[in-house]
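One-letter residues, chain by chain:
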Amino acid sequence: FLSPYPDARVFAADELDGAKDFVVSLPEARALLWGLKEAAAKALGTGFNKVEPLELQIRDLKLSEGRNIACRVDSPFGSFDALTGLVCGSRVAVATRIS
């Protein structure tokens, strides 16, 4: 996710702006958002074969317990709760369908 990266193909401007509140650099913001979007795409059971990254909209990013970051991900196929946090020194993301 280093520059130049085609942000407009993957992220809405408000998503990147919101993610910058939780990380120190633009590449980290991209990675954070991508992980949350990818977790939601996998929760669909199809990955990005059924949905484009821009169709997955990150909403309501917030700090959760510990150093976790939570959000809602809206898609044409429903909404998801998503969470990313550190596990064994690596950041992982999970999502579950809520509607």
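Here's a quick rundown of the structure. (Residues numbered from 1 in each chain as written. Predicted model: local features only at pLDDT ≥ 70, side-chain atom pairs only at ≥ 80, totals over all residues. Heavy atoms only, no water.)

Side note on the pattern of salt bridges
The line we're drawing: Salt bridges are identified by distance alone: a Lys or Arg side-chain nitrogen within 4 Å of an Asp or Glu carboxyl oxygen. Helix and strand definitions follow DSSP, with helices as H or I runs of at least four residues and strands as E runs of at least two, each counted in order from the N terminus. Classification of residues uses two cut-offs on accessible area relative to the type maximum, computed with a 1.4 Å probe and protein chains only: under 20% is buried, over 50% is exposed, and between them is partly exposed.
Summed over the entire model, instances satisfying the criterion amount to 6 salt bridges. One salt bridge connects Asp7 with Arg30, and the closest N-O pair in it is separated by 2.8 Å. Of this pair, Asp7 sits in helix α1 (residues 7-10) while Arg30 sits in helix α3 (residues 26-43), placing them 23 residues apart in sequence. Its relative accessible area of 18% is what places Asp7 among the buried residues. Lys42 serves as the salt-bridge partner of Glu38, at 3.9 Å between the closest nitrogen and oxygen. In this pair, Glu38 and Lys42 are both assigned in helix α3, 4 residues apart and thus about one turn of the helix distant. Within this structure, Arg59, Asp60, Arg72 and Asp74 form a network of salt bridges that share partners.

Comments concerning the layout of surface pockets
Rolled over the atoms, a probe with the dimensions of a water molecule shows which regions are left empty. Here is the rule we go by: In the cavity and pocket records, a cavity denotes points on a 1 Å grid over the protein atoms alone where a 1.4 Å probe fits but cannot get out, a pocket denotes an open set with protein on both sides within 12 Å along at least 5 of 7 lines, and lining residues are residues with an atom within 4 Å of a point. Grid points are joined across faces, edges and corners, and a volume is the space filled by probe spheres set on the points.
Size it by volume and the largest pocket reaches roughly 320 Å³. Lining the largest pocket we find 14 residues, and of these Val23, Glu28, Leu32, Ile69 and Arg91 sit closest to its centre. Every element with two or more residues in the lining of the largest pocket is listed here: α3 and β4 (90-97). It is α3 that provides the largest number of residues to the lining of the largest pocket, a total of 4 residues.

A few points about the nonpolar core
Nonpolar side chains in soluble globular proteins tend to be buried together. What counts, and what does not: Only buried residues count toward a nonpolar core, which is a set of Ala, Val, Leu, Ile, Met, Phe, Trp, Tyr and Cys residues joined through side-chain atoms within 4.5 Å. Any two residues whose heavy atoms approach within 4.5 Å at even a single point are treated as in contact.
If you look at the biggest cluster of nonpolar residues, it comprises 20 residues, and the most contacted ones within it are Ala19, Leu33, Leu36, Ile58, Leu61, Cys71 and Val73. Of all elements in the fold, only α2 (13-19), α3, β1 (57-63), β2 (69-75) and β3 (78-87) reach the threshold of two or more residues within this core. With residues up to four places along the chain from it excluded, the contact list for Val73 reads Leu36, Ala40, Leu56, Gln57, Ile58, Gly78, Ser79, Phe80 and Ala82.

A look at the sheet that holds β3
Just so we agree on the cut-off: A pair of strands is labelled paired if DSSP reports no fewer than 2 bridges between them. Orientation is described by lines fitted to C-alpha atoms, with helices fitted over the stretch in contact, and by angles between N-to-C directions that extend from 0 to 180 degrees.
Overall, antiparallel pairing links the 4 strands, which are arranged β1-β2-β3-β4 in an open sheet. The open sheet has two edge strands with one neighbour each: β1 and β4. Adjacent strand axes in the sheet meet at a mean angle of 20 degrees when their direction is disregarded. Bridge count for β2 against β3 is 7 bridges, and the pairing is antiparallel. The residue of β3 that forms the bridge with Asp74 is Ser79.

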